[in-house]
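Topology and contacts: notes
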Amino acid sequence: MNGPWAQASEIAAAVHQRHASAGEIVSAALARIARFNPALNAFTDVLTERALERAQAVDRNDAKGALAGVPFAVKNLFDVAGLPTRAGSRINRDRVPATRDATLISRLEAAGAILVGALNMGEYAYDFTGENVHDGDCRNPHDRERMAGGSSSGSGCAVAAGLVPLALGSDTNGSIRVPSSFCGIFGLKPTYGRLSRAGTFPFVASLDHVGPMARSARDLALAYDALAGHDPDDPVCADRVADKLMPLLDRGIEGLRIAVAGGYFRAGNFPEAQSALARVAAALDAKIEIEIPEAARARAAAYVITASEGGALHLDRLRKRASDFDPAVRDRLIAGAMIPAAMVVKAHKFRRWYRGQVLELFARVDAVLAPVTPCAAPRIGQKTLVLDGIEMPLRPNLGVYTQPISFIGLPVVTVPVPTEPLPVGIQIIAPPWREDVALRIAQALESKAVVRAPRPALG
Amino acid sequence: MDSHTDFIDAAARVLGLAIEPAWKDAVEANLAATLRLASAFMDFPLPDEAEPASTFTA
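**Some details on the overall build of chain B**
- Within chain B, the secondary structure is distributed over two helices and zero strands.
- Residues classed as buried in chain B amount to 17% of the 58 residues present.

**Describing the overall build of chain A**
- Along the backbone of chain A there are 15 helices and 15 strands.
- The C-alpha atoms of chain A give 20 Å as radius of gyration, which agrees with the globular expectation for 459 residues (23 Å, within 12%).
- Its C-alpha atoms give chain A principal-axis dimensions of roughly 55 × 55 × 45 Å.
- Burial status across chain A gives 61% buried among its 459 residues.

**Structural notes on the interface of chain A and chain B**
- With 30 residues of chain A at the contact, the number on the chain B side is 25 residues.
- Mapped onto the side of chain A that touches chain B, the elements with two or more residues apiece are α9 (295–313), α10 (315–321), α11 (327–337) and α12 (341–361) of chain A.
- It is α12(A) that contributes the most residues to the side of chain A that touches chain B, 11 residues altogether.
- For the side of chain A that touches chain B, the per-class residue count stands at 19 nonpolar, two polar and nine charged.

**Details of helix α15 (residues 435–447) of chain A**
Residue and element names in this part refer to chain A.
- When the terminal C-alpha atoms of α15 are compared, their 18 Å separation across 13 residues agrees well with the 18 Å that a helix rising 1.5 Å per residue should span.
- With 11 of 13 residues buried, α15 is to be regarded as a mostly interior element.
- Glu435, Asp436, Val437, Ala438, Leu439, Arg440, Ile441, Ala442, Gln443, Ala444 and Leu445 are the residues of α15 that are buried.
- Just downstream of α15 lies Ala449, where phi reads positive at about 60°.

**With respect to the sheet that holds strand β15 (residues 424–429) of chain A**
Residue and element names in this part refer to chain A.
- Pairing is mixed in the open sheet, where 11 strands are placed in the order β1-β3-β2-β6-β8-β7-β14-β15-β11-β9-β10. The sheet is open, and its two edges are formed by β1 (43–46) and β10 (288–290), each paired on a single side. Each strand axis lies, on average, 30° off the axis of its neighbour in the sheet, ignoring direction.
- Relative to strand β3 (residues 114–119), β1 runs antiparallel, the two sharing three bridges. Note that in β3 the partner of Asp45 across the bridge is Ala118.
- In the packing of helix α5 (residues 153–160) onto the sheet, contacts are made with β1, β2 (71–75), β3, β6 (166–171) and β8 (209–214), and the angle to β6 comes to roughly 155°.
- Contacts from helix α7 (residues 217–227) reach β6, β7 (186–189), β8 and β14 (412–417) within the one sheet, and its direction differs from that of β8 by about 140°.

**Examining the pairing of strand β12 (residues 384–387) of chain A**
Residue and element names in this part refer to chain A.
- Across four bridges, the pairing between β12 and strand β13 (residues 390–393) is antiparallel. Looking at the pairing, Leu385 lines up with Met392 of β13.
- With antiparallel pairing between neighbouring strands as the criterion, β12 and β13 make up a hairpin whose turn holds two residues, including Asp388 at a positive phi of roughly 50°.

**Observations concerning the nonpolar core**
Residue and element names in this part refer to chain A.
- Counting residues in hydrophobic clusters, the biggest one holds 166 residues, and the most contacted among them are Val116, Val304 and Ile428.
- When residues of this core are assigned to their parent elements, the largest contribution, nine residues, is made by α9.
- Contact partners of Val116, with chain neighbours within four places excluded, come to Val26, Ala29, Leu30, Ile33, Val46, Leu47, Ala51, Pro71, Phe72, Ala73 and Val164.

**A short note on the environment of A:Ala457**
All names here are of chain A.
- Its place among the elements puts Ala457 in the segment after α15.
- Ala457 sits in the exposed class, given 6 other C-beta atoms within 10 Å.
- Counting along the chain gives 296 residues from Ala457 to Ala161, while the straight-line C-alpha distance between them is 8.6 Å.

**Observations regarding the environment of A:Pro165**
Residues and elements named next belong to chain A.
- Tracing the sequence through the fold places Pro165 in the loop between α5 and β6.
- When the 30 C-beta atoms within 10 Å are taken as the criterion, Pro165 is described as buried.
- Spatially, the C-alpha atoms of Pro165 and Asp219 are 8.2 Å apart, while their sequence positions differ by 54 residues.
- For Pro165, the contacting residues outside a window of four places in its chain are Ala6, Gln7, Ala8, Ile11, Val70, Val159, Ala214, Arg215 and Asp219.

**Some points on the packing of α9(A) against helix α2 (residues 24–42) of chain B**
- Packing of α9(A) against α2(B) leaves a shortest axis separation of 8 Å and a crossing angle of 135°. When the interaxial angle is binned, α9(A) and α2(B) end up oblique. Every pair of crossing elements has a handedness; the one defined by α9(A) and α2(B) is left-handed. Contacts from A:Ala296, A:Arg297, A:Ala300, A:Ala301, A:Tyr303, A:Val304 and A:Ala307 in α9(A) reach B:Thr34, B:Leu37, B:Ala38, B:Ala40 and B:Phe41 in α2(B).
- Along the lines of polarity and charge, the residues of the contact of α9(A) with α2(B) split into 10 nonpolar, one polar and one charged.

How each quantity is defined
Residues numbered from 1 in each chain as written. Chains lettered and ligands numbered in written order. Predicted model: local features only at pLDDT ≥ 70, side-chain atom pairs only at ≥ 80, totals over all residues. Helix = DSSP H or I, 4+ residues; strand = E, 2+ residues; numbered from the N terminus. Buried ≥ 20, exposed ≤ 12 C-beta atoms within 10 Å, placed from the backbone. Rg over C-alpha atoms; globule rule 2.2 N^0.38 Å. Contact = placed C-beta atoms within 7 Å. Nonpolar A, V, L, I, M, F, W, Y, C, P; charged D, E, K, R; others polar. Expected span 1.5 Å × (residues − 1). Pairing = 2+ DSSP bridges. Axes fitted to C-alpha atoms, helices over the stretch in contact; angles between N-to-C directions. Core = buried A, V, L, I, M, F, W, Y, C linked by C-beta atoms within 7 Å. Parallel < 35°, antiparallel > 145°, perpendicular 65-115°, else oblique. Left-handed = near helix turned anticlockwise from the far one by under 90°.

What follows is the structure in C-alpha cells.
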C-alpha cells in the first residue's frame with residue numbers, strides 16, 4: 001500500500017488479505033487528520049472513538065465487505081448520529097443531534113467502510129468557493145491561499161490531501177464538481193434520483209444530488225456500487241435497478257461516440273481549462289463538437305429555481321435569525337424568497353422542454369465533454385475574474401458550466417487534469433442512468449495517465 | 001434597471017421579514033440579478049400545455 005495515498009480499492013484488498021488491519025489504517029488516517037487539518041480546515045468534526053470502535057468490529061468480522069477498512073468522511077449536511085447536522089451554518093448547531101446516520105453512511109459502513117468525521121462546507125450549500133464565515137475557510141491543499149471550491153469544500157480538500165481516500169458530497173448546481181475541479185480529484189454526480197438523500201439537510205429539493213468523491217475512477221465505482229439502491233426514505237430516490245459499475249469499469253471506450261460541448265461551453269474559458277479540455281478530447285479522439293441548445297437559459301432557470309426554493313426553505317430562519325446567517329448567503333436567500341411564482345413555474349416548464357432537447361442529442365452521442373470551472377482555483381477572498389480584459393463577478397461564474405447539466409439531472413464524472421501549477425477538472429456527461437458510460441471514459445483516461453489526482457506537498 | 005425598493009418593502013411585509021437598512025442594497029442587487037436572469041427565459045415561447053418538470057408521482 002501507498003501510505004496516505006492508498007486508494008480505497010487498495011486498502012480494502014489489503015484488509016481482505018490481512019496485510020493490514022482496519023485499526024491500523026484508521027489510526028493512521030486519524031493521525032494524518034490531526035497533523036494536517038489545522039492548516040487545511042477540511043474537518044469540522046473528527047469521530048475518533050466511533051471510528052476506532054468501528055475498525056475493531058471490522059477486524060473481528062470474518063466476512064469483509066467491499067470497502068473493508070476504508071476511512072471516509074462526509075460533508076456536514078449528512079446526518080451523523082450524535083451530531084447536530086450543521087450544514088455549514090451557525091443556526092443549525094442548535095438542532096437536536098441526529099438520532100441516526102444518513103442512509104448513504106449506513107450503506108458505506110455496511111460494506112466495511114469507517115466514518116472518521118464530518119467536513120466543512122459553504123453555508124447551507126449555497127456556495128462555490130469553500131469560504132465559510134462560521135467555521136473558517138476551507139483551504140486548497142495544492143495552495144493554501146486558494147479556494148478549495150464549494151460547497152463540498154471539505155470533501156474536496158480531505159480527499160485531495162490524502163486525509164481520507166473517499167468522501168461524500170452534495171451537488172445542487174455544481175457543489176461536487178467545482179471542488180473536485182479545484183482540488184484535483186474525481187467526483188461523481190449521479191443521475192437525479194439515483195442515490196438516496198435521506199438524512200441529508202436539503203437545499204433545493206428539485207435539484208439536490210449526493211455522490212462520492214475520490215482519487216480514482218475505480219474508487220468512485222466501488223463506492224457507487226455500495227451506495228446505489230432504492231430507499232423509500234427519499235421520495236425522489238428511483239425504484240430502479242442500478243447495475244454494478246465495477247464489472248463494467250475496464251470495458252474501454254471502443255464504440256463510444258464522445259463529443260465536445262461547443263458554443264456556450266467554449267466561451268469564457270481561461271487557458272488552463274481550454275488546455276485541459278484539449279488534452280482530454282485528444283486522448284479520447286473526440287472530434288465531434290455539439291451544441292447543447294439554450295444552455296444559457298437553462299443556467300438562468302436553474303439559478304431562479306435555486307434562489308426561490310432556497311429562500312422558501314429558509315424563510316422561517318430568515319424571519320427569526322437573519323443576523324446569524326453569513327450575510328452573503330442571507331441576502332441571496334431573502335431576494336430568492338421574493339421571486340414571483342410565475343417565474344419559477346416557467347423555469348420548471350423550460351426545464352422539461354430543455355431536457356427533451358438534450359435527450360435528443362444523446363441519440364447521436366454517448367457522452368459529452370465540457371469544462372467544470374472556467375479556471376483553476378482562485379485566491380481566497382477573490383471577488384472577480386478577469387478574462388480577455390473583461391471583469392466579471394467570481395461567485396456566480398464558477399457554476400456556469402455545471403448548472404445547465406445538473407438542471408436536468410444528467411450523470412457526470414469530473415476528472416482531474418494535472419495542469420500546472422494547479423489542477424482543473426473536466427466534466428464527462430452521460431445520458432440519464434448511464435453512470436457506467438461516464439466512469440468507463442474516466443477509467444480509460446486514467447489508464448492513459450491523461451487524468452490523475454496530483455499529490456500536494458503538505459510539508 | 002428600475003429600483004425594486006417598493007417591491008422589496010411590500011414583499012418583506014407579506015413574508016414577515018425584517019430587513020435591516022444595511023442589508024437592503026445587497027438584497028436589491030441579488031433580486032435584480034435574479035430577475036435579470038429570469039428575463040432570459042420568461043419570453044421563451046412554450047405552449048400552454050407545456051408540463052413543468054415536477055417530480056411528484058401519486
